[in-house]
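Below are the chains, spelled out letter by letter.
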Amino acid sequence: MNEQEMIEAAFDDLIKSLRKGTTEESVKLIRRAFEFAREAHQGVRRKSGEPYILHPLAVAKIAVKEIGLGTKSAVAALLHDVVEDTDYTVEDIANLFGPKIASLVDGLTKISEAMGSNTTKQAESFRKMILTLADDVRVILIKIADRLHNMRTLDSMPEHKQVRIASETLYIYAPLAHRMGLHAIKTELEDLSLKYENPVEYQELEQRIHDYRDEHTGLYQQFIAPIRERLTESGYHYEITARTKSVYSVWSKMQRRHISFDEIYDLLAVRIVFEPKDNQPEKWQCWNIYSLITDMYSPKPERIRDWVSVPKANGYEALHLTVMGPGGKWIEVQIRSRRMDEIAEKGLAAHWKYKGDNAEASNEVDKWLAGIKEMLEQPGTDALEFLDEFKLNLFAKEIRVFTPKGEMRTLPKNATVLDFAYDIHTEIGNSCIGGKVNHKLVPMSHQLQSGDQVEVLTSDKQKPQSDWLDFIVTAKARNNILMIFRREKKEQIRIGTTMFEKLLEDMKLPFGTENLNKALLHLKLQNKDDLYVSLAKGHLDIEDVRKALKKKSENKFVKYWKLQFFKSDKDKVAPEKEEKDKVINDIAEDASDFIVAPCCNPIPGDDVVGMKIDGDKITVHKRKCPEAIRLMSSHGDKIVPVKWVSHKIMSFLAIIKLNGIDSIGIVSDITMIISKESNVNMRTVHFETKDGIFEGMIHLYVHNTADLNNLMMKIASLKGVENVSRVENLDV
Ligand code: MN
């Protein structure tokens, strides 16, 4: 096939993916947009070498086929890069395709500009992006399609860009897809991100999940046989499929809970999708199937999820239960009608298909976007903070509570009376002193449950307190409280700075980063603001600062360890191969000054990434560290590619966790093994025994991952030891 034929074939493919009943006129419009875009991108190629037009064609196809959008969206997707990359303007698009399509393309162009890889402050850009897209949800959906295609073709990008794009996808686009109810796309985005961020672990896990599936085919057949029988008897038309958790969800569960692959018990799930019978409501039929299944298998009572009676805010409907299957394995069963299934996979667009464009489903999203807009309009919110809050909001599980008048409000799980107060109105939040839940008096920190009826008590003498931050969970409440504190803090920084400057003057020292860093180091403070605020508040005595500045400086990590830092990628992109070579040869500097990130404690041998956020020092994180992913997604320009190259003897902190059957002497056996290792030093050992099971946590100083793995293997081979794993992140 030559290129022209390839392009025509891709176009035909797009037309075939359109909804049934798409008019001849719509097809003509789409062809016109395609011809126009092809002309506009003429002669341009993607990094992979393909003609550029194949990208908009692929994005349009994702929008239509995988998200379920219609003609206007297909046209906008075809044109999405025209204004950004060619000489055509939004006015040209408006003249040729009308104002609605022009405004979609305009929104998409603005996002691209905001998120472009040349911009330095992605977090700030992201904020602008949300402001521009709030007008039409379709802009977000097409943007997600665009990102999905870019992720699917990420191979042709140079490696350091892959990491940045992958972390941005994981941090922003996957949650966004989740919020839009695009389950299949969210899962694919997560898996692709992991694949590029941690290729080795990804491959290993993928293989293990595959093997697990193969091993359990028999069990699965045995489990579903009687279910099939009963469903058929009862006259249902249905499909049953076995599902395994996605690679990413397995990976993140292992990270979050510090558990090994073998400890994940809910890998396997079964999904039943049924064609509803006409004469009965779908909800009723779901519960009917539930009862057929629980007649045969015992359910785990606390694992029933009813999203049939009240759907999730992203539109998801289904009934989930976990039952005891053959061989003593818990198996999750998901029950959905055909319609629910389509909504689960395609999200909102499927909603529109079933309910028409102005359906309730879009109301929920509109409400959510309105909330985000409100958050944005508050002055002074720090962009990164905003991004964190935004993400929090995307992933929150929800509860439904009621006002005294019976109005339902949706809040994230663990929301308190105070969150509820802020949800009603900022002023009510600011003056909240407590509440009544189901007519009973409760403190404002009281956590709400679904179904609670909540009344807020206020006083005009009240004002926000710092301990409020400990128990509120909504972004809205947090932002309001922080805004008030920020004003106060600014004032304290001003006062503290003056005090510090006076001290330096007094000691005849120059005002600069060197002395500042020295003070921070000896006083164990994180940053200069902490220093100033502590001074202003009187939490820190000025004489202690004086003492700190008099101390001799000592370099801790310097000299022993060598890291190579590559020049960060500021130059224009060269073709893939050349660029890769360039990075390896072009070593910018030897690292003599770096900080081991305290959150994930990387050690030599770990895949690491450097971040240069504050000042000159480079903080080295594990590549998979959640904090690093967070920072990379918002400070893409601060990434410094690093690699361990050579080392002399220097020890790094690593933590391992283990458990097993308690027996006499097991602890001393373990510590014996460790003490015999010449390359490892124990710092602390903590063991706890309960009902014959022990759990231990050991802090060690090691040289690198090889020594650590070697040691872990030796411990694991001891009789009685069940699991040994490294604690990857401390703050969870
Ligand atoms: Mn694009």
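So, how was this worked out
- Residues numbered from 1 in each chain as written.
- Predicted model: local features only at pLDDT ≥ 70, side-chain atom pairs only at ≥ 80, totals over all residues.
- Heavy atoms only, no water.
- Helix = DSSP H or I, 4+ residues; strand = E, 2+ residues; numbered from the N terminus.
- Buried < 20%, exposed > 50% of the residue type's maximum accessible area, 1.4 Å probe, protein only.
- Contact = heavy atoms within 4.5 Å.
- Areas by Shrake-Rupley, 256 points an atom, 1.4 Å probe, with all protein chains shown as cover.
- Phe/Tyr/Trp six-rings, centres within 6.5 Å; stacked < 30°, edge-to-face > 60°.
- Donors = N, O, S within 2.8 Å, 3.2 Å for Na, K, Ca; no water.
- Salt bridge = Lys/Arg side-chain N within 4 Å of Asp/Glu carboxyl O.
- Pairing = 2+ DSSP bridges.
- Axes fitted to C-alpha atoms, helices over the stretch in contact; angles between N-to-C directions.
- Left-handed = near helix turned anticlockwise from the far one by under 90°.
- Nonpolar A, V, L, I, M, F, W, Y, C, P; charged D, E, K, R; others polar.
- pLDDT = per-residue confidence, 0-100.

With that settled, the discussion passes to the overall build of the protein. Of regular secondary structure, the protein possesses 29 helices and 21 strands. Within the protein, the proportion of its 732 residues that are buried is 50%. Long-range contacts, defined as pairs at least 24 residues apart, comprise 67% of the intrachain contacts of the protein with a sequence gap of at least 6. Carbon and sulfur atoms make up 50% of the accessible area of the protein, which totals about 36300 Å².

What follows is about the packing of aromatic side chains. All chains considered together, the criterion is met by ten aromatic pairs. Seen from their ring centres, phenylalanine 223 and tyrosine 297 are 4.5 Å apart, and the 35° between their planes marks the pair as tilted. One end of the pair, phenylalanine 223, is in helix H13 (residues 217–233); the other, tyrosine 297, is in the loop between helix H15 (282–296) and strand S3 (305–306), with 74 residues separating them in the sequence. For the pair phenylalanine 223 and tyrosine 297, a shared accessibility class is recorded, and that class is buried.

Tetrahedral coordination by four donors sets the ideal angle at the metal to 109.5 degrees; octahedral coordination by six donors sets it to 90 or 180 degrees. Coordination of the manganese ion by the protein involves His55 (NE2), His80 (NE2), Asp81 (OD) and Asp146 (OD), with metal-donor separations of 2.2 to 2.6 Å. Mapped onto the sequence, the donors of the manganese ion take the spacing H-x24-H-D-x64-D. Here the residue histidine 55 occupies a position in helix H3 (residues 54–66), and aspartate 146 occupies one in helix H9 (residues 137–152), the gap between them amounting to 91 residues. Across the pair, aspartate 146 and histidine 55 agree in class, each one buried.

On to the pattern of salt bridges. Pairing between side chains of opposite charge can happen when their charged atoms approach one another. Counted under the stated rule, the structure contains 36 salt bridges. As a salt-bridge pair, arginine 38 and glutamate 8 come within 3.5 Å of each other at their nearest N and O atoms. In this pair, arginine 38 is assigned in helix H2 (residues 24–40) and glutamate 8 in helix H1 (residues 3–17), connecting sequence segments 30 residues apart. With a relative accessible area of 16%, arginine 38 lands in the buried category. Between arginine 31 and glutamate 35 there is a salt bridge, with its nearest N and O atoms 2.7 Å apart. Here arginine 31 pairs with glutamate 35, and both are found in helix H2, just four residues apart, close to one helical turn. Bridged by salt links that share partners, the residues Glu8, Arg31, Glu35 and Arg38 form one connected network.

Here we take up the sheet that holds strand S2 (residues 268–275). With mixed pairing, five strands are arranged side by side in an open sheet as S1-S2-S5-S4-S3. Strands at the two margins of the open sheet, each flanked by one partner only, are strand S1 (237–244) and S3. Where strand S4 (residues 319–324) meets strand S5 (residues 330–337), six bridges bridge the pair, whose relative direction is antiparallel. When the sheet's bridge partners are listed, methionine 324 is paired in S5 with tryptophan 330.

To continue, consider the packing of H9 against helix H10 (residues 159–179). The relative placement of two packed helices is expressed as an angle between their axes plus a distance between the axes. As a packed pair, H9 and H10 sit with axes 11 Å apart at the nearest point and diverge in direction by 145°. Read as a crossing pair, H9 and H10 show a hand that is left-handed. Contacts from Ile140, Lys143, Ile144, Arg147 and Met151 in H9 reach Ile165, Ala166, Glu168, Thr169, Tyr173, Leu176 and Ala177 in H10. Looking at the contact of H9 with H10 residue by residue, the classes come out as eight nonpolar, one polar and three charged.

For the protein, the average pLDDT comes to 81, and 82% of its residues sit at 70 or higher. Taken together, the stretch residues 356–361 has pLDDT below 50 and engages in five contacts with residues farther than four places along the chain or on a different chain. Counted against residues more than four places away or in other chains, residues 554–591, with its pLDDT under 50, gives 78 contacts.

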